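Structural characterization, general
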Amino acid sequence: MGADSGSGAAPGPAVSWRKVLWERQPFPDNYVDRRFLEELRRNEGLRQYRYWAVVQEAGLVAQQISCVALFLTLWLYMEQGLLSPSTLLWTGLLCALLGYGLYQALAPRGDSDNHHRTRWSDLQSASIFLSFTFGFSPVLRTLTESVCTDTVYAMTALMLLAHLVAFPYAHPSPPGSLSLNAALFASVCLASRLPGDLHTSGGLDSSSSPSSLHTFTMLCWALLVFALWPCLLQRLRDCAPWVFGCVCVLVGVCGVGGLGSLWPGGAVLLAALLGTVTLLCPLLLIRLQSDKDNIQGPWDEAEIREDLTHFLH
Amino acid sequence: MVLKIFFPQCCNKADSGLLVGRWIPGQNSAVVLAVIHYPFIPGQVKQYIHQSGVDLTVLGSWSMPKEGQEGMESFLRDLSTIFPQGQWLQLSREMGKIGFRYGKLIQQEKELKEDVEGEEGGGEKDKVIFIHYEQRKVMLSQLHPIDNGVPDPQTESQLPQVFGTVCQSEPLFFLDKYDDGPVKMTHWQSEGREGSIIVELMKQASTPVCLLTTWMLTLWTSLCSSRILNMRPMRFISSKLSTCVQLSYRTEHLQTVCSPTRATAHNHFMRKANIFVSFFVDVSLGLLLVSWMYRENRIGKLANTLVPAADYVAKELEELLQWLMGAPAGLKMNRALDQVLGRFFLYHIHLWISYIHLMSPFVEMILWYVGLSACLGLTFALSLLSDITALLTFHIYCFYVYGARLYCMTVYGLSSLWRLFRGKKWNVLRQRVDSCSYDLDQLFIGTLLFTILLFLLPTTALYYLVFTLLRLVVVMFQGVLHLSVDFINSFPLFAMGLRLFRSYRLAEGVKFRVLCEEPGTPLHLMMDINPLKVSSVVQTYRTPTYSCYPKDSWLALCKKLFLGELIYPWRHKTTKID
């Protein structure tokens, strides 16, 4: 009976609609019964953020901004002649040794076999850095002589911005190529703009070229701040997370303070920026979560999650 | 189908007789080659046709009755039984009338068809067209495009077959009316054979001259390929000097011309003739040049101006370098690199000038003896000039190479380090750019080098630009010289002469002119030879040379210049295989 009535004009409730396409049903093609949108899911992957956790993560961004500010402060000091390059150089070497000691102290247990090897390769790398930098300093110091100062400043700003944007905040230890290279390029540009020794420049030409020691110091500090410091930071984050938080705060304070000693207005701006990034942005993030309205359903593109572990055996 | 009869003009006024010629298979046409007059013995005629070595048949009969001679019709008809043919043509002409009368006899069907005056239509009447041609011109002319292979008689079109027929029947035309042969014929040479004493003398003299020249050339080539002259440095130098290249090329030419075998194909003959004429013209121009130069000691004056000219070039270069070392065109260069490069090049110029001054006492003598080699031809003089220019501007070439190499290294290093800057690497296996995680020290050193190269790029680029421009000027000048040498070598003078003065010898086709069109008589056309176009003459008969052509297209050249690759814009295509 049901089959006979199914071939009639009006679909009766005897035949139920099934969501299949290979069978000829008495319903029109675009018919859906009351189970419409049953498979709709809203805000499926929504994460519940906790304010202080987000603030802690944002601290890394603030820390990096203040690192850049510190570096610029050092350059300003050297440019205005308030700090002699030799002092800075020895300070930098001391900091490097201290940092290396801390790095090795915080090394995870069970790595004692590679210690000797890594120490030797570290020494090799350090000597390569120092020799190359020292060797290229005379070339680097007159590199941007013919370029206009404004252009140099603009290039520096662009490169530092690129560094901040491309920095691998999730995992700072193997440094990202673009961020590190951009920072080094900016430091070379800045290093070539340092004023020279009063003894070396004869005073005849209007642009005085920096001495090799200035350039060398600048590059060593750039290496410290941009290449080696993130490695230490990563170790800290892995081993002692609460120390990590303190360190970030300390760096921020140093940055603001350093800038403030030369340019108070800048310090205020920097403090405001840091505050926004650390405190305001997480708040915004959490507040705006409630406005989220994502819908997922069977109409989404299929995501292939590759699980290759079944190839292991 | 229309029957076409090709009738030679010389036979228009011939006495009555037999028509001999050839039927062209498949085309329903006949080419009449000659008329054999009465009286004749049919057996002798058949024997003569067999022995002549030419593809001949008896086509039919020709009657042009003189006054008083009548009644040949039936006699002529009976002749058809003596010479059995498939088709028998009966052509007749009356004195004073232009048109011919035509009759055809088909043996197998024993049917007589006559195209009577005034009668048209009614049944199948064969239409016939008489095409008159000038026998001498058609015999001497060559139809283009030349078919190099053996033509298939079935598929070949009509016109080449007609021309071929007339050309092959040359032996037929040796008998003239003063000869005491078995048959008396009328053809274009029947009034007497053409000949000229000069041509005959030259033909006699050419064989021993050719043998002598070939012997001398073999001596020369064996000398050239001896062990001493074939060492690597000598071979390298001789491949670079255009005089040596031109010398080897001329030797090859002479070998072609002086080979004792006669040229059989038309192409071969034309090539030999072209080479000979161009060689002759070349040598005469060279001798003119030599006689002009050595008169009034002009060569001495030329030698005296060479060293001051070199000095002047060097001085100009020094000034240019001083300008570059300052602030050229307001561009700000990297001072240190600028000074280094400028001083390096200045020292080079100083060395070069010292060398030139060392050579200056000997320049006149060298030039005097070397200038004598212009006797061998104008092309040699031009090649010598090109070589002297190359030698005098050798320092510019060196500077160009230094600048180009430096620039190329800079660009290459920059592109590779730019990839490192972005964290990418060139995958040689897959020929694409892949991401790569670099070590810390690689990143550091890479960035330092990138910065240095980037800021030094304007300086290197400017030096490269300046020296490339200088080098291009020299190359252009040498190119002009080489092009003119090439032109003299390859231009087909003989073929051009033929085209201008005997245009019927190089035929592209034919054109027809209506001679007589009267209703009731067959159509008479005059076939005139259409000469080959001048551009086609040059294209067909151009001697292939080591043609000096630009190796790269403009786009490829620009790309090479941009990347700093060394350019050698003119490449010689050698015809020999090393």
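The rules behind the values
- Residues numbered from 1 in each chain as written.
- Chains lettered and ligands numbered in written order.
- Predicted model: local features only at pLDDT ≥ 70, side-chain atom pairs only at ≥ 80, totals over all residues.
- Heavy atoms only, no water.
- UniProt positions renumbered as here; feature names shortened; annotations may be inferred.
- Helix = DSSP H or I, 4+ residues; strand = E, 2+ residues; numbered from the N terminus.
- Buried < 20%, exposed > 50% of the residue type's maximum accessible area, 1.4 Å probe, protein only.
- Areas by Shrake-Rupley, 256 points an atom, 1.4 Å probe, with all protein chains shown as cover.
- Contact = heavy atoms within 4.5 Å.
- Salt bridge = Lys/Arg side-chain N within 4 Å of Asp/Glu carboxyl O.
- Nonpolar A, V, L, I, M, F, W, Y, C, P; charged D, E, K, R; others polar.
- Phe/Tyr/Trp six-rings, centres within 6.5 Å; stacked < 30°, edge-to-face > 60°.
- Lys NZ or Arg CZ within 6 Å of the ring centre and 35° of its normal.
- Expected span 1.5 Å × (residues − 1).
- Polar contact = N/O pair within 3.5 Å; in protein donor to acceptor, adjacent residues only side chain to side chain.
- Core = buried A, V, L, I, M, F, W, Y, C linked by side-chain atoms within 4.5 Å.
- Patch = residues over 30% accessible without salt bridge, like charges linked within 9 Å, V, L, I, M, F, W, Y side chains within 5 Å.
- Axes fitted to C-alpha atoms, helices over the stretch in contact; angles between N-to-C directions.
- Parallel < 35°, antiparallel > 145°, perpendicular 65-115°, else oblique.
- Pairing = 2+ DSSP bridges.

Naming follows an unreviewed UniProt entry, where chain B appears as Phosphatidylinositol glycan anchor biosynthesis, class Q of Oncorhynchus mykiss.

Per an unreviewed UniProt entry, chain A goes by the name Phosphatidylinositol glycan anchor biosynthesis, class C and belongs to Oncorhynchus mykiss. UniProt's Subcellular location (unreviewed entry) comment on chain A is quoted here verbatim: "Membrane". For chain A, the Pathway (unreviewed entry) comment in UniProt is given as "Glycolipid biosynthesis; glycosylphosphatidylinositol-anchor biosynthesis."

What chain B contains, in helices and strands, is 16 helices and 16 strands. In chain B, which comprises 578 residues, the share counted as buried stands at 40%. When the accessible area of chain B is evaluated, it comes to approximately 32,900 Å², of which 63% is carbon and sulfur surface.

What follows concerns the overall build of chain A. Looking only at helices and strands, chain A features nine helices and two strands. Reading the secondary structure of chain A in the N-to-C direction produces α-β-α-α-α-α-α-α-α-α-β. Burial status across chain A gives 34% buried among its 313 residues. Sequence-distant contacts in chain A: of pairs separated by 6 or more residues, those separated by 24 or more amount to 72%. Surface summary for chain A: the accessible area is close to 19,500 Å², and the carbon and sulfur share equals 64%.

A few words now on the side chain of A:Thr215. Along the chain, the position of A:Thr215 falls in helix α7 (residues 212-239). When neighbours within four sequence positions are excluded, A:Thr215 is seen to be in contact with A:Ser137, A:Leu140, A:Arg141 and A:Ala191.

Attention now goes to the interface of chain B and chain A. Across the boundary between the two partners, chain B contributes 24 residues, which contact 31 residues of chain A. Our count for the chain B to chain A interface comes out at zero salt bridges. Listed by contribution, the elements that provide at least two residues to the side of chain B that touches chain A are α12 (394-421) and α13 (440-490) of chain B. Taken together, the residues that form the side of chain B that touches chain A break down as 16 nonpolar, four polar and four charged.

We now examine the UniProt feature "transmembrane region" (unreviewed entry) in chain B. Residues and elements named next belong to chain B. Look at the UniProt record and you will see "transmembrane region" (unreviewed entry) annotated at residues 275-294, 340-359, 366-393, 399-421, 442-466 and 472-495. When the span residues 442-466 is considered, its composition is 100% helix and 0% strand, and the gap between its end C-alpha atoms is 35 Å. Taken end to end, residues 472-495 comprises 92% helix and 0% strand; its first and last C-alpha atoms sit 36 Å apart.

This paragraph deals with the packing of aromatic side chains. Taken as a whole, this structure holds 31 aromatic pairs over all chains when the rule is applied. Considering the side-chain rings of B:Tyr294 and B:Trp368, the 5.2 Å spacing of their centres and the 85 degrees angle between planes classify their relative orientation as edge-to-face. Here B:Trp368 lies in helix α10 (residues 335-371) and B:Tyr294 lies in helix α8 (residues 266-294), a separation of 74 residues in the sequence. Taking relative accessible area as the criterion, B:Trp368 reaches 35% and is therefore assigned partly exposed. Grouped by ring-pair contacts, the aromatic residues B:Phe344, B:Phe345, B:Phe399, B:Tyr402, B:Tyr463 and B:Phe467 constitute a single cluster. Against the face of A:Tyr103 rests A:Arg235, its NZ or CZ located 4.1 Å from the ring centre.

Here the focus is helix α7 (residues 242-257) of chain B. The terminal C-alpha atoms of α7(B) lie 22 Å apart, and with 16 residues this matches the ideal 22 Å at 1.5 Å per residue to within 8%. Those residues of α7(B) lying buried are B:Ser242, B:Thr243, B:Gln246, B:Tyr249, B:Arg250, B:Thr251, B:His253 and B:Val257.

All names here are of chain A. This chain's UniProt record puts "transmembrane region" (unreviewed entry) on residues 51-77, 83-103, 123-140, 152-171, 216-233, 240-260 and 266-286. Taken end to end, residues 51-77 is 100% helix and 0% strand, and its two terminal C-alpha atoms sit 38 Å from one another. Along residues 83-103 one finds 90% helix and 0% strand; the C-alpha atoms at either end are 28 Å apart.

With that out of the way, let us pick up the environment of A:Arg237. Residue and element names in this part refer to chain A. Along the polypeptide, Arg-237 turns up in helix α7. A sequence separation of 66 residues divides Arg-237 from His-171, and the C-alpha atoms of the two residues are 9.9 Å apart. Setting aside its immediate chain neighbours within four residues, Arg-237 contacts Glu-57, Leu-60, Tyr-169, Ala-170, His-171, Pro-172 and Phe-244. Within the structure, Arg-237 has its side chain in polar contact with the backbone oxygen of Ala-170 (distance 2.6 Å).

One finds A:Leu140, A:Phe226, B:Leu321 and B:Tyr463 to be the most contacted residues of the largest nonpolar core, which totals 81 residues. Looking at this core element by element, the count peaks at 13 residues for α13(B). Judged by nonpolar contacts, the second largest core, of 36 residues, contains B:Val58, B:Leu79, B:Tyr504 and B:Met527.

All names here are of chain B. Together, Tyr-355, Leu-358, Met-359, Phe-362, Met-365, Ile-366, Trp-368, Tyr-369, Val-370 and Leu-372 make up an exposed nonpolar region whose accessible area comes to about 980 Å². With respect to the helices and strands, Tyr-355 occurs in helix α10. When its relative accessible area of 41% is taken as the criterion, Tyr-355 is described as partly exposed.

Residues and elements named next belong to chain A. Where helix α8 (residues 241-262) meets helix α9 (residues 264-289), the axes come as close as 6 Å, and the angle between the chain directions of the two elements is 155 degrees. With respect to α9, the element α8 is oriented roughly antiparallel. Taking contact as the criterion, the partners of Gly-252, Gly-255, Val-256, Leu-259, Gly-260 and Leu-262 in α8 are, on α9, Pro-264, Gly-266, Ala-267, Leu-270, Ala-271 and Leu-274. Residue composition of the contact of α8 with α9, grouped by class: eight nonpolar, four polar and no charged.

The next point concerns the pairing of strand β14 (residues 523-531) of chain B. Side-chain positions along a regular strand alternate between the two faces of the sheet. Residues and elements named next belong to chain B. Of the strand pairs in this sheet, strand β8 (residues 128-133) and β14 are connected by four bridges, and their pairing is parallel. The residue of β14 that forms the bridge with Phe-130 is His-524. As paired strands, strand β13 (residues 506-516) and β14 are joined by eight bridges and run antiparallel to one another. By the bridge assignment, Val-514 is partnered in β14 with Leu-525. Where β13 hands over to β14, the hairpin turn is made up of six residues, of which Gly-520 adopts a positive phi near 95 degrees.

Moving on, we come to the pattern of salt bridges. Residues and elements named next belong to chain A. With the rule as written, the count across this model stands at twelve salt bridges over all chains. With its nearest N and O atoms 3.7 Å apart, the salt bridge here joins Lys-19 to Glu-39. One end of the pair, Lys-19, is in the loop between α1 (2-6) and β1 (41-42); the other, Glu-39, is in the loop between α1 and β1, and 20 residues separate them in sequence. Judged by its relative accessible area of 62%, Lys-19 is exposed. Among the residues examined, Glu-39 registers a relative accessible area of 42% and is labelled partly exposed.

All names here are of chain B. With 15 residues, helix α11 (residues 378-392) extends 21 Å between its outermost C-alpha atoms, agreeing within 8% with the 21 Å of an ideal straight helix rising 1.5 Å per residue. Within α11 the residues assigned to the buried category are Thr-379, Phe-380, Ala-381, Leu-382, Ser-383, Leu-384, Ser-386, Asp-387 and Thr-389. Here the buried face of α11 lies against α7, α8, α10 and α13.

Right, let's talk about unusual backbone geometry for a bit. Despite not being glycine, A:Leu37 shows a phi value in the positive range, around 55 degrees. Here A:Leu37 is to be found in the loop between α1 and β1.

Residue and element names in this part refer to chain B. When you tally the buried positions in strand β2 (residues 17-24), you get seven out of eight residues, the bulk of the element. The pairing of β2 with strand β3 (residues 29-37) spans eight bridges and is classified as antiparallel. Pairing of Val-20 across the sheet is with Ala-34, part of β3. Here β2 folds back onto β3 in antiparallel fashion, the turn holding four residues, of which Gly-26 has a positive phi close to 80 degrees.

Another aspect to go through is the packing of α7(B) against α13(B). Residues and elements named next belong to chain B. Across the interface, α7 lies against α13 with an axial gap of 13 Å and an inter-helix angle of 5 degrees. The angle between the axes of α7 and α13 places the two elements in the roughly parallel class. Contact residues: Ser-242, Gln-246, Tyr-249, Arg-250 and His-253 in α7; His-482, Val-485 and Asn-489 in α13. Classifying every residue of the contact of α7 with α13 by side-chain character gives two nonpolar, five polar and one charged.

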